[in-house]
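# An overview of the molecular structure
Each chain, letter by letter, is given below.
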Amino acid sequence: MTKVLTPLCRSFGAEVLKLKGTLALWGTLLGPLFLAGMNFLIYFIHEELLIEGGGNPWAVLFGNTFNIWAMMFLPLLMTVIVYLVCNVEHRASAWKHVYALPLPRWSVYITKYLILVFLLFLANGTLVLLQYLTAFLLWKIYPAIAFADFAYDALIMMSFLKVTLASLGMLTIQFVISINVRNFVLPLGLGIFSIIASLFLMRWEHIDLFPYAYAFFAGQDFSAEEMALFTQPVLLGLAVSTVLLLIGTTINSRRDIR
Amino acid sequence: MSPNLIETNALDFRFGAHQVLTDLSIQVPTGAIYGFLGPNGAGKSTTIRALMGLYKTPRGSITLFGRDLRSEREAVLQRIGALVESPSLYEHLSGRDNLEITRRMRGLRKELVTEMLKVVGLERDAPRKAGTYSTGMRQRLGLAQALLAEPDLLVLDEPANGLDPQGMRELRELLLGLNRERGITIFISSHILSEIEKTATHVGIIDRGRLLFQGSLGELKDISLSSVRIETRDAAAVSAILGKEGFTARSLGGDALALTVKNRDEITGAIRVMIEHEQPVYEVNSSQKSLEDLFLNMTDMGGAA
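All of the points below concern the structure found in this document. Predicted, not measured: the structure shown is a model, and the values here were computed from it.

### Observations concerning helix 10 (residues 265-276) of chain B
Residue and element names in this part refer to chain B.
- With 12 residues, helix 10 ought to run about 16 Å at 1.5 Å a step, and its terminal C-alpha atoms sit 17 Å apart, in line with that.
- Every buried residue of helix 10 is accounted for by Glu 266, Ile 267, Gly 269, Ala 270, Val 273 and Met 274. All buried residues of helix 10 project into a common sector of 165° when viewed along the axis, lining one side. Looking at helix 10, the residues exposed on the side facing more than 90 degrees away from the buried face are Asp 265, Ile 275 and Glu 276.
- Along its buried surface, helix 10 packs onto strand 12 (227-231), helix 9 (235-244), strand 14 (256-260) and strand 15 (283-286).
- After helix 10 finishes, the residue Glu 278 shows a positive phi value of roughly 55°.

### Brief notes about the sheet that holds strand 14 of chain B
Residue and element names in this part refer to chain B.
- Across the sheet, 4 strands lie side by side as 13-14-12-15; this open sheet has antiparallel pairing. Two strands bound the open sheet, and with one partner strand each, they are strand 13 (248-251) and strand 15. Sheet twist, expressed as the mean angle between neighbouring strand axes with direction ignored, is 20°.
- When strand 13 meets strand 14, the two strands line up antiparallel, connected through 4 bridges. In the sheet register, Ala 249 faces strand 14, and the bridge partner there is Leu 259.

### Here we look at the interface of chain A and chain B
- Each partner contributes residues to the interface: chain A has 32 residues there, and chain B has 30 residues.
- Carbon and sulfur atoms supply 57% of the area buried between chain A and chain B, which totals about 2800 Å² over both sides.
- On the chain A side of the contact with chain B, Leu 17, Lys 96 and Pro 102 of chain A bury the most area, a combined 23% of that side's loss.
- In this assembly, chain A and chain B are joined by 1 salt bridge.
- As a salt-bridge pair, Asp 97 of chain B and Lys 20 of chain A come within 2.5 Å of each other at their nearest N and O atoms.
- Counting across the chain A and chain B interface gives 20 residue pairs in polar contact (both at pLDDT 80 or more).
- When residues of the side of chain A that touches chain B are traced back to their parent elements, those giving at least two are helix 1 (2-19), helix 4 (57-91), helix 5 (95-98), helix 6 (105-141) and helix 10 (232-254) of chain A.

### Section: the packing of aromatic side chains
All names here are of chain A.
- A full pass over the atoms with the stated rule returns 25 aromatic pairs over all chains.
- Relative to Tyr 132, the ring of Trp 58 lies with its centre 5.4 Å away and its plane at 50°, an arrangement referred to as tilted. Of the two residues, Trp 58 sits in helix 4 while Tyr 132 sits in helix 6, which places them 74 residues apart along the sequence.
- Measuring from centroid to centroid gives 5.7 Å for Trp 69 and Phe 73, while their planes differ by 25°, and the two rings are stacked. Of this pair, Trp 69 and Phe 73 both sit in helix 4, separated by 4 residues, roughly a single helical turn. Residues Trp 69 and Phe 73 agree in their burial class; the two are buried.
- An aromatic cluster of at least three residues, connected via ring pairs, comprises Trp 58, Phe 62, Phe 66, Tyr 132, Phe 147, Tyr 152, Phe 160 and Phe 222.
- If you follow Arg 105 out to its NZ or CZ, it ends over the ring of Tyr 99, 5.4 Å from the centre.

### Quick word on helix 3 (residues 95-106) of chain B
Residues and elements named next belong to chain B.
- The end-to-end C-alpha distance of helix 3, which contains 12 residues, comes to 17 Å, matching closely the 16 Å that a straight helix rising 1.5 Å per residue would cover.
- With 10 of its 12 residues buried, helix 3 lies for the most part within the structure.
- Gly 95, Asp 97, Asn 98, Leu 99, Glu 100, Ile 101, Thr 102, Arg 103, Met 105 and Arg 106 are the residues of helix 3 that are buried.
- Directly beyond the C-terminal end of helix 3, a positive phi value near 65° is found at Gly 107.

### Considerations on the sheet that holds strand 10 (residues 202-207) of chain B
All names here are of chain B.
- Taken in spatial order, the 6 strands line up as 7-8-9-4-10-11 in an open sheet, and their pairing is mixed. Both outer strands of the open sheet, strand 7 (80-83) and strand 11 (210-216), are each paired with one neighbouring strand and no more. Adjacent strand axes in the sheet meet at a mean angle of 15°, parallel and antiparallel pairs treated alike.
- In this structure, strand 7 lies alongside strand 8 (residues 153-157), joined through 4 bridges in parallel fashion. What sits directly across from Ile 80, in strand 8, is Leu 153.
- Those strands touched by helix 5 (residues 135-147) are strand 7 and strand 8, and its axis lies near 160° from that of strand 7.

### Side note on the nonpolar core
- With 112 residues, the main nonpolar core has Trp 69 and Phe 175 of chain A together with Met 52 and Phe 187 of chain B as its most contacted residues.
- Excluding its chain neighbours within four sequence positions, the residues that come into contact with Phe 187 of chain B are Ile 6, Ile 26, Val 28, Tyr 34, Phe 36, Ile 48, Leu 51, Leu 153, Leu 154, Val 155 and Leu 156 of chain B.
- Residues Met 137, Ala 160, Leu 163 and Leu 220 of chain B belong to the second largest nonpolar core, which totals 44 residues.

### Description of the environment of Val 88 of chain A
- Mapping Val 88 of chain A onto the fold places it in helix 4.
- Val 88 of chain A sits 95 residues away from Asn 183 of chain A along the chain, and the two C-alpha atoms are 12 Å apart.
- Apart from the residues lying within four places of it in its own chain, the contact partners of Val 88 of chain A are Tyr 90 and His 92 of chain B.

Rules used throughout
- In this numbering scheme, every chain counts its residues from 1 along its sequence in written order.
- As a convention, the first chain written is A and the first ligand written is 1, with the rest following in written order.
- Predicted model: local features are reported for residues with pLDDT of at least 70 only, side-chain atom pairs are reported and counted for 80 or more only, and whole-chain, interface and lining totals are derived from all residues.
- Side-chain numbers come from the whole structure's heavy atoms, not from hydrogens or water.
- Note on conventions: DSSP H or I runs of at least 4 residues are helices, E runs of at least 2 residues are strands, and numbering of each starts at the N terminus.
- Any helix carries an expected span of 1.5 Å times its number of residues minus one.
- Between buried and exposed lies partly exposed: a residue is buried under 20% and exposed over 50% of the maximum accessible area for its type, with that area taken using a 1.4 Å probe on protein chains only.
- Note: the arc covers the axis-to-C-beta directions of the helix.
- In what follows, a contact means two residues having at least one pair of non-hydrogen atoms within 4.5 Å.
- When DSSP finds two or more bridges between two strands, those strands count as paired.
- Note on geometry: axes are lines fitted to C-alpha atoms, helical ones only across the stretch in contact, with angles between N-to-C directions running from 0 to 180 degrees.
- A quick way to say it: buried area is the sum, across both parts, of accessible area lost when two parts are put together, with a 1.4 Å probe.
- Salt bridge, as used here, is a side-chain nitrogen of Lys or Arg placed within 4 Å of a carboxyl oxygen of Asp or Glu.
- As used in this structure description, the phrase polar contact means that two N or O atoms lie within 3.5 Å; if the pair is within protein, one of them must be able to donate a hydrogen and the other to accept it, and residues adjacent in sequence are counted only when both atoms belong to side chains.
- Centre distance within 6.5 Å is the pairing criterion for rings of Phe, Tyr and Trp, where only the six-membered ring of Trp is used; planes under 30 degrees apart are then read as stacked, over 60 as edge-to-face, and the remainder as tilted.
- Criterion for a charge above a ring: Lys NZ or Arg CZ within 6 Å of the ring centre, and within 35 degrees of the ring normal.
- Among buried residues, the Ala, Val, Leu, Ile, Met, Phe, Trp, Tyr and Cys ones that are joined through side-chain atoms within 4.5 Å form a nonpolar core.

These figures come from the coordinates and say nothing about function on their own.
Structure below.
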């Protein structure tokens, strides 16, 4: 067990330090802030959207977020963050140094991936927190909004978890490319192209199999009030990421490090 | 255990169709400072990458500390500190944080970071971002990364690149100190012989992926010795005496003669013969080709000159 955990812990400690002051870390925090801030402004100006009809204000506030966030914002954000995190190594020509250290190659590779999974959770967690903060502020400003009348926390948490897990599919694709390709055109180009393609192909009958659309479908479960965790997009996201990560790790252990 | 700390046996390596290393067998004795010389593109960096397990060589074996690199990679790397080509620095982090990353990955004690910053003279600049460092400072930080684990073997790939004469001298003194005081074996590559002539105990010369020479610095100097000019009173008579004693000498006319030697000891021998025959020795000039010339000849770099 220590043969697995020791190198992972050592490498992870180093990865955390590498994030210090990076655009990747700031982006992870500022991306959600941007979206939550816009949400706040919309409902600050049009608070009636949350009051009229006597419906569930949580469903309106979060439903809007899940759509934009899961369909476009999160995949775009993660495409950029994955690129930035991998580029830290490319820019420092660090692979030759890192892989000459007495750590198994797979451990370095996996911790790099784990730090991205951590950032993915951080981005989603930050958005949840900021959304709750938005709800709280709106409720203070407009006590007429009936936030207190509905208990929706479990569904919100579950839906965020599902969006996060379903995103692992596209995250891993971007990771496997960004870590192997030094230039930015391929990873960023492929990410952006795929996200736009997933928007265009929404009516395609097999779009639910396209990794860049998993998060969107996972987010749809919120409106459908689906509480089960392992729905199709989540399972697909986990499956795609597991397979790709295994392939990536194998290639990485064999390749020559320039 | 073998007295050699590094041993490679018939290494081959190619990039696609381009053969980079051919049948490369090097032996680095424990405790040596091994200068690995060759022109740019000779295969020095490729060899170093193979030694660090970064390149997988399809043929041949690499043994370090008597252990096979392939089967005991981590145990071997544990005892090596390396600077492969230019230092790998995270420019957005301070010099100290850069060392801290290597420390964490190796699981070393915390105090080593401060100690190594002191060894390379970067204590004052440690809080500054590595991106603001000069070439010399970057090089020293890279060296600190390599030294951090208190290795038994230090592998340095052209560490003098970009250093000014002062920096080169400091590097030389640092390396000599590490070798003498801590017994660290040092493998250092360079494309300029004079850079390592003053530090190296052993030399390997590589060109186009093949090893052309390997041996101690003394052996290299012997090769470079071809003839010695001796001034005496009667060159013709002395040449005859030396000839009878088995030396190859010829008079250059007047008071000078040229003695052809294979090694440095032959010079002593010839002078002893002259003194035994009561011939004066006014001056001995080794018309030794400089090591640099020899190196250039060996590697064909002198062809154009």
